[in-house]
Amino acid sequence: MMIFLPVQYDAVALSTYAELFSRCFPKSVGFTVEYLDWLYCKNPDGVAIGFDAWDGDRLAAHYVCVPAKIFVSGRPASAMLSLNTATHPEYQGKGLFTKLAQLTYAAGTSAGLDCVFGVANANSTGGFVRKLGFQLVEPLDARIGVGSLGVDWGVVGRNVQFARRWTPEALAWRCANPRHLVFCKEKENEIQFHTAAKGIFLSAYAELHLDEASAFATSSRGFLSPLHLFIGLIPTGACRFHGYVSIPHRFRPSPLNFIYRSLNSPMTNLEKGRINFSFLDFDAY
């Protein structure tokens, strides 16, 4: 009989999760115990929230969200970022992910969290929307270019409806990702973040207004490739994207969609064109 239990955080549990990920995603080498310990246990916004499906002593499926502080319509809120999911090949097609997700969102609601958000590819978006009540807000933008994005932070402040609320502690944690260290430097009124996307030739790139991270200790460590990859969303009218070109959909490995589900009653939706989001805010790099 299948048993559903909350995720655990000890070394044995993390090793079991890493083993399941290696079985489900043999081409991925990033799901190490060190990475899972960083992601599940060291987040200053809170430990991971999720559930496991156990068939006897075999881990059949696993799903995790991590807590995140956000702003919604100018108000601070507490959220979950939907992240790791894996189902053992012998248990796929049995609805385990849907069950684990429902349990996870119920736990988040009981803990007082306001919503869950995430990024889904083309294959998984439909399941999140149809089975779990998510809103497909809009596809992420993907651009390659050089230099600053040219964000008008005043327009962002007036038009944004959803954004991460980064504390200095959370930014330091995010930049310490053992799978992809994130480097940063301060320039004028913003902090520029970058990490390797494709070797040394392409940097995943993001910017935060200096006021959002005024107490964060910036560092110029790390080589910043002059060629930047921006994956995310900026509120309509707030960015010129000078020096950047949109990547054609046929050249993107899989189109990515920003999805959102309110945990409050009555449930609320977000408006397209009012989201501020970058690689910092999810697990692309």
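What comes next concerns the included structure. (Residues numbered from 1 in each chain as written. Predicted model: local features only at pLDDT ≥ 70, side-chain atom pairs only at ≥ 80, totals over all residues. Heavy atoms only, no water.)

1. Considerations on helix 1 (residues 11-24)
Taking 1.5 Å of rise per residue, 14 residues should cover 20 Å, and helix 1 covers 20 Å from first to last C-alpha, within 8% of that figure. Those residues of helix 1 lying buried are Ala13, Leu14, Tyr17, Ala18, Leu20, Phe21 and Cys24. Burial along helix 1 is one-sided: seen end-on, the buried residues are contained in an arc of 160°. Seen from the buried face of helix 1, the exposed residues on the opposite side, beyond 90 degrees, are Ala11, Val12 and Glu19. Residues of helix 1 that are buried sit in contact with helix 2 (33-41), strand 2 (49-55), strand 3 (58-72) and strand 4 (75-87). (Helix = DSSP H or I, 4+ residues; strand = E, 2+ residues; numbered from the N terminus. Expected span 1.5 Å × (residues − 1). Buried < 20%, exposed > 50% of the residue type's maximum accessible area, 1.4 Å probe, protein only. Arc of directions from axis to C-beta. Contact = heavy atoms within 4.5 Å.)

2. Here's the deal with the environment of tryptophan 166
Within the element layout of this structure, tryptophan 166 appears in the loop between strand 8 (162-164) and helix 6 (168-175). Look at tryptophan 166 and you get buried, because its relative accessible area is 8%. Along the primary structure tryptophan 166 and isoleucine 70 are separated by 96 residues, whereas in three dimensions their C-alpha atoms are 7.7 Å apart. Side-chain polar atoms of tryptophan 166 contact the side chain of aspartate 281, separated by 3.0 Å. (Polar contact = N/O pair within 3.5 Å; in protein donor to acceptor, adjacent residues only side chain to side chain.)

3. Digging into unusual backbone geometry
Not every positive phi belongs to a glycine, and serine 73 is a case in point at roughly 55°. Within the secondary structure, serine 73 is located in the loop between strand 3 and strand 4. A positive phi angle, close to 55°, is found at phenylalanine 241, a residue other than glycine. Of note, phenylalanine 241 is situated in the loop between strand 12 (228-232) and strand 13 (244-246).

Geometry only, nothing functional implied.
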